[in-house]
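Structural description and commentary
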Amino acid sequence: MEQTVYINGSLLPRAQAHADIYDHGLLYGDGAFEGIRVYDGLIFRLQEHIDRLFRSAKALAIDLGMTPAEMVDAVVRTVRANEHRTGYIRVTVSRGVGLGLDPSHLPPGATVIISTEQLSLYPRSMYENGLEVVTASTRVPPSCCIDPQIKSLGRYINNIQAKMEANRVGAGEALMLNMEGYVAEATGDNLFLVMNGELTTPPTSQGALTGITRATVIECAREAGIPVREAAVTLYDCYICDEAFLTGTAAEVIAMVRLDGRDLGSGKPGRITQQLTEAFHARTRTDGIRALD
Ligand SMILES: Cc1ncc(COP(=O)(O)O)c(C=O)c1O
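The sections below set out a description of the structure shown in this document. Here the residue numbering is sequential within each chain, running from 1 through the sequence in written order. Only residues with pLDDT of 70 or above have their local features reported here, since the model is predicted, and side-chain atom pairs are shown and tallied only from 80 upward, although totals for entire chains, interfaces and linings are computed over all residues.

The next subject is the pairing of strand β14 (residues 252-259). For a regular strand, side-chain orientation follows a simple rule: the groups alternate between the two sheet faces. Burial in this document is a count-based property: other C-beta atoms within 10 Å of a residue's C-beta are tallied, and the residue is buried at 20 or more, exposed at 12 or fewer, or partly exposed in between, with C-beta positions derived from the backbone. Numbering of helices and strands starts at the N terminus; helices are DSSP runs of H or I of at least 4 residues and strands are runs of E of at least 2. Summarising burial for β14: seven of the eight residues are buried, a large majority. The sheet contact formed by strand β7 (residues 131-135) and β14 spans three bridges and is parallel. Directly across from Leu131, in β14, lies its bridge partner Met256. DSSP-based pairing: two strands are paired if at least 2 bridges between them are found. Pairing between strand β13 (residues 243-248) and β14: four bridges, direction antiparallel. By the bridge assignment for β14, Thr247 is matched with Val253. Hairpin connection, β13 to β14: the antiparallel pair is bridged by three residues. Bridging between β14 and strand β15 (residues 262-263) involves two bridges; their strand directions are antiparallel.

What follows is about the sheet that holds strand β5 (residues 87-94). On the basis of which strands lie adjacent, the open sheet formed by seven strands has the order β2-β1-β6-β5-β3-β4-β16 and antiparallel pairing. Pairing within the sheet leaves two strands with one partner each, and these edge strands are β2 (10-13) and β16 (288-290). Across the sheet, the mean angle separating the axes of adjacent strands is 25 degrees when strand polarity is ignored. Contact between two residues is assigned when their C-beta atoms, built from the backbone, lie within 7 Å. Under this scheme, a helix contributes an axis fitted over its contacting stretch, all axes are lines through C-alpha atoms, and angles between N-to-C directions fall in the 0 to 180 degree range. Where helix α2 (residues 46-59) meets the sheet, it contacts β3 (31-39), β4 (42-44), β5 and β16, and its direction lies at approximately 175 degrees from that of β3.

Here you go:
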């Protein structure tokens, strides 16, 4: 079945869905995006993703020309058109079309693209055995330059460089530090440490995205009576923790079992990691907006 893509109000076959060569997202990274998952017809936390997208657009002063409810509807229609029961959804928006930095020279009209994909980030064995991670030399930009809460297109050049650092040494992911040397997050995931039965995750003020998987895991932990705190995390904290895991829409929840050549905890996915992985997957069966019965 040919893929159907939503582009600026129309659902078109992929071969006919073209973005302009002068799109500001392409030319300058001047836009934002969301990666979303659909599980058996249920679009996981779609409202939360659309709300974050609209916050990103607002912070960038991009008028999307549609309401959040219309965006939700557009995502649902795209999923239905593709009979996309289980997989990944990418929503990409940009300021619109025009050469030159000055937004006042752009004709009105943001670009909005919604596409569906199959995505499996890691093989099953990595979910069972955990991920080896390295610390990247590429840092996250300071919040005063690019706010990590804006899921902007342009911010990801650093994350791609960091991911390439991981690839070069055969690691599955890279941790990224902020300019003060605290751990911010991984290239496409948030970080959690388990120490003495308590969870710690870096706050947004340290350069972490306000991840939707992260929020879900925090809810699951609190429901299970596991204390959670947002606090600055050092590499030392990572090296001596009992368990560690990463969370993200694409990766879901995955144990981090080695970092910079050291085993973390037992070097295997820990008990609390496994408990929260199961609790997260239970949420994917209930939390969201149904697109397909
Ligand atoms: C840099 C970064 N951090 C964290 C995450 C995890 O966020 P979420 O759980 O909302 O997918 C992502 C993915 O969106 C990301 O790109």
